[in-house]
Amino acid sequence: GSTMVVFPEGTFKREVGAFLKFRSGAFKIALESGVSLVPVTIIKEKSYHKKKWPLRKRLDIVIHPPIEFDSFEGLSSRQLSHKVRDIIVSGINIGK
């Protein structure tokens, strides 16, 4: 099988803890693909962008349980994006 990684915001924000609006393209692909999704929360430390290379930077990564296709098959891409966003945001408290 193949694996695809998508950052649904389409870009990143330098502010730690800031979320941008999720774009619908990734979720349209998910709905058309018929496969499960695995949401991932990436948590940067507060000083992440203040440190310059080659200093070490710390990231916490929370890999959430898969969302089976059957559980989101009837949703719109917008509904699916809200569901995934809620899961990703919930990971911020787990990673601390």
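J.: Explain a nonpolar patch on the surface to me, please; I cannot follow it from the model alone.
T.: A cluster of nonpolar side chains, contributed by V5, F7, V38, V40, I42, L59, I61 and I63, occupies part of the molecular surface with about 780 Å² of accessible area. The dominant element in the nonpolar patch, judged by the number of residues it contributes, is strand 2 (residues 59-63), at three residues. Position of I61 relative to the elements: it lies in strand 2. Relative accessible area serves as the criterion here: at 53%, I61 is assigned to the exposed category.

J.: Would you mind going over the packing of aromatic side chains with me for this structure?
T.: For the coordinates displayed, the defined rule picks out two aromatic pairs. On the basis of an interplanar angle of 10 degrees and a centroid distance of 6.0 Å, the ring pair of F22 and F27 is categorised as stacked. Of the two residues, F22 and F27, both sit in the buried class. Ring centres of F69 and F72 lie 5.2 Å apart, and the angle between their planes is 80 degrees; this geometry places the pair in the edge-to-face category. With a gap of three residues between them, F69 and F72 both fall in helix 2 (residues 69-72), about one helical turn apart. Looking at R85, its charged tip hangs above the ring of F22, at a distance of 5.1 Å from the centre.

J.: Whenever I open this one, the nonpolar core confuses me. Can you help?
T.: For soluble globular proteins, the rule of thumb is that nonpolar side chains tend to be buried together. Membership of the largest hydrophobic core is limited to 12 residues, which are F22, A26, F27, A30, L31, L37, I67, F69, F72, L80, V84 and I88. Of all the secondary structure elements, the ones that give two or more residues to this core are helix 1 (25-33), helix 2 and helix 3 (77-95). With four residues, helix 1 is the largest single contributor of residues to this core. Not counting residues up to four positions away in its chain, the partners in contact with I67 are S36, L37, P39, F72, K83, V84 and I87.

J.: What's the story with the pairing of strand 1 (residues 40-44) in this structure? I'm lost.
T.: Looking along a regular strand, one sees side chains alternate from face to face of the sheet. Residues T41 and I43 line the buried face of strand 1, whereas the alternating positions V40, I42 and K44 sit on a face that is not buried. Relative to strand 2, strand 1 runs antiparallel, the two sharing five bridges. Considered in strand 2, the bridge of K44 is made with L59.

J.: Would you take a moment to explain the environment of V62 for this structure?
T.: Looking at the secondary structure, you find V62 in strand 2. Overall, V62 belongs to the buried group, its relative accessible area being 11%. Put simply, V62 and P39 are 23 residues apart on the chain and 8.5 Å apart in space, counted from C-alpha to C-alpha.

J.: I would appreciate a short explanation of the confidence of the model for the protein chain in the present structure.
T.: A low pLDDT means the predicted coordinates there should not be read in detail. Per-residue pLDDT for the protein chain averages 83, and the proportion of residues at 70 or more is 78%. Element-level mean pLDDT values for the protein chain span from 85 in strand 1 up to 95 in helix 2.

Definitions and cut-offs
- Residues numbered from 1 in each chain as written.
- Predicted model: local features only at pLDDT ≥ 70, side-chain atom pairs only at ≥ 80, totals over all residues.
- Heavy atoms only, no water.
- Patch = residues over 30% accessible without salt bridge, like charges linked within 9 Å, V, L, I, M, F, W, Y side chains within 5 Å.
- Areas by Shrake-Rupley, 256 points an atom, 1.4 Å probe, with all protein chains shown as cover.
- Salt bridge = Lys/Arg side-chain N within 4 Å of Asp/Glu carboxyl O.
- Helix = DSSP H or I, 4+ residues; strand = E, 2+ residues; numbered from the N terminus.
- Buried < 20%, exposed > 50% of the residue type's maximum accessible area, 1.4 Å probe, protein only.
- Phe/Tyr/Trp six-rings, centres within 6.5 Å; stacked < 30°, edge-to-face > 60°.
- Lys NZ or Arg CZ within 6 Å of the ring centre and 35° of its normal.
- Core = buried A, V, L, I, M, F, W, Y, C linked by side-chain atoms within 4.5 Å.
- Contact = heavy atoms within 4.5 Å.
- Pairing = 2+ DSSP bridges.
- pLDDT = per-residue confidence, 0-100.

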